[in-house]
Amino acid sequence: MDAALELLRAKPERPLTMRLLATHLGVDPMALYRHVRDKRELVAAMSDRALHDGLRGGFQRSADARTAREFAAAIGRSLYEHLVRHPELIPIVASAPTTMTSARYGIEVVAGMVDAGVDERTAMTGVNAVVAFALGSALLTAVPIEPLALIDADELAATLSTEGNHIDAASITRMLSAIDVYDFDAGLEALLTGFLGP
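This write-up is about the structure you can find in this document. Being a predicted model, the structure only gives us computed values, none of them experimental. (Residues numbered from 1 in each chain as written. Predicted model: local features only at pLDDT ≥ 70, side-chain atom pairs only at ≥ 80, totals over all residues. Heavy atoms only, no water.)

Let us now look at helix H7 (residues 100-115). Here H7 spans 22 Å end to end across 16 residues, near enough to the 22 Å set by a 1.5 Å rise per residue. Every buried residue belonging to H7 is among Ser102, Tyr105, Val109, Val110, Gly112 and Met113, and all of these are buried. Summarising the axial view, the buried residues of H7 lie within an arc of 155°, below the 170-degree limit, and thus occupy one face. Residues of H7 that are exposed and point more than 90 degrees away from the buried face comprise Met100 and Asp115. (Helix = DSSP H or I, 4+ residues; strand = E, 2+ residues; numbered from the N terminus. Expected span 1.5 Å × (residues − 1). Buried < 20%, exposed > 50% of the residue type's maximum accessible area, 1.4 Å probe, protein only. Arc of directions from axis to C-beta.)

See the structure below:
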């Protein structure tokens, strides 16, 4: 698994294959199958480790949390920061199947929310939303946005007005300029307010 992560870091533009991993390790591709059943199992194990490492910091930070909001924020921020530090893990976490291990991590986070006073249904919904937000935010942070100067605000405003939206070009220009300033904490706070209230 360490070699697969090393390979992803070294060659992020290349899709991970068992053959590529075997070449990287200097072994016959069939040798890998003594350790994992298939690529799906390897990806699941890599995702489990990424979630473990990302959530571990959240549990450490949340030790002093007094509210469900503080607990959820610590978990979300920790996962986001881990994925931003290791962008090669974003597609792995996004595409991996759910395993018993990843389900256990999720249930531990839900249990932490319940311990902080949130009902189970709200905790489950909130945890799923926070994890999805952290993953999506890490992707936005890791992948550069195409130059916004290429977008013609007048043309976009005209297109939107034909669809019944009345947004002027100046407003579009302001909105597009705000995209360059991504504020994870503001987005996380808005999300937490949505499911926990103000």
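Attention shifts here to the layout of surface pockets. In this structure, the largest pocket encloses a volume near 420 Å³. Forming the walls of the largest pocket are 22 residues, and the residues nearest its centre are Leu51, Ser102, Gly106, Asn128 and Val131. Within the residue set of the lining of the largest pocket, elements represented by two or more residues are helix H4 (39-61), H7 and helix H8 (120-142). The biggest single contributor to the lining of the largest pocket is H7, with seven residues. (1 Å grid on protein atoms, 1.4 Å probe; cavity = no way out; pocket = protein on both sides within 12 Å on 5 of 7 lines; lining within 4 Å. Points joined across faces, edges and corners; volume = space filled by probe spheres on them.)

Among all positions of helix H2 (residues 18-25), only Met18, Leu20, Leu21 and Ala22 are buried. At its buried positions, H2 is contacted by helix H1 (2-10), helix H3 (29-32) and H4. Just downstream of H2, Gly26 is the residue with a positive phi angle, here 75°. (Contact = heavy atoms within 4.5 Å.)

This paragraph deals with the packing of aromatic side chains. Between two aromatic rings, the relevant description is the distance of the centres plus the angle of the planes. Under the defined criterion, the tally for this structure stands at three aromatic pairs. Plain terms: the ring middles of Tyr80 and Phe184 are 3.9 Å apart, the flat faces sit at 0° to each other, and that makes the pair stacked. Highlighted residues: Tyr80 in helix H5 (residues 68-85) and Phe184 in helix H11 (residues 184-196), separated in sequence by 104 residues. An identical accessibility class is assigned to Tyr80 and Phe184; each is buried. By way of ring pairs, the aromatic residues Tyr80, Phe133 and Phe184 are connected into one cluster. (Phe/Tyr/Trp six-rings, centres within 6.5 Å; stacked < 30°, edge-to-face > 60°.)

Two numbers describe how H1 lies on H4: the axes approach to 10 Å, and their chain directions differ by 85°. As judged from the angle between their axes, H1 and H4 are roughly perpendicular. Where H1 abuts H4, its residues Asp2, Ala4, Leu5 and Leu8 lie against Leu42, Met46 and Arg49. Among the residues forming the contact of H1 with H4, the class breakdown is five nonpolar, no polar and two charged. (Axes fitted to C-alpha atoms, helices over the stretch in contact; angles between N-to-C directions. Parallel < 35°, antiparallel > 145°, perpendicular 65-115°, else oblique. Nonpolar A, V, L, I, M, F, W, Y, C, P; charged D, E, K, R; others polar.)

Relative to the helices and strands, Glu88 is located in the loop between H5 and helix H6 (90-95). You can call Glu88 buried: its relative accessible area is 11%. Every residue in contact with Glu88, bar those within four places of it in the chain, is listed here: Leu5, Leu8 and Arg9.

Before going further, it helps to spend a moment on the pattern of salt bridges. This model, assessed by the stated rule, comprises seven salt bridges. With its nearest N and O atoms 3.6 Å apart, the salt bridge here joins Glu70 to Arg66. Overall, the relative accessible area of 69% leaves Arg66 in the exposed class. The closest approach of N and O atoms between Asp185 and Arg77, which form a salt bridge, is 2.8 Å. Residue Asp185 is located in helix H11, and its partner Arg77 is located in helix H5; the two are separated by 108 residues in the primary sequence. Owing to a relative accessible area of 40%, Asp185 belongs among the partly exposed residues under this scheme. (Salt bridge = Lys/Arg side-chain N within 4 Å of Asp/Glu carboxyl O.)

Of note, Thr67 is situated in the loop between H4 and H5. Overall, the relative accessible area of 36% leaves Thr67 in the partly exposed class. Considered as a pair, Thr67 and Ala116 are 49 residues apart in the sequence and their alpha carbons are 5.7 Å apart.

So yeah, pure geometry; function would need other evidence.
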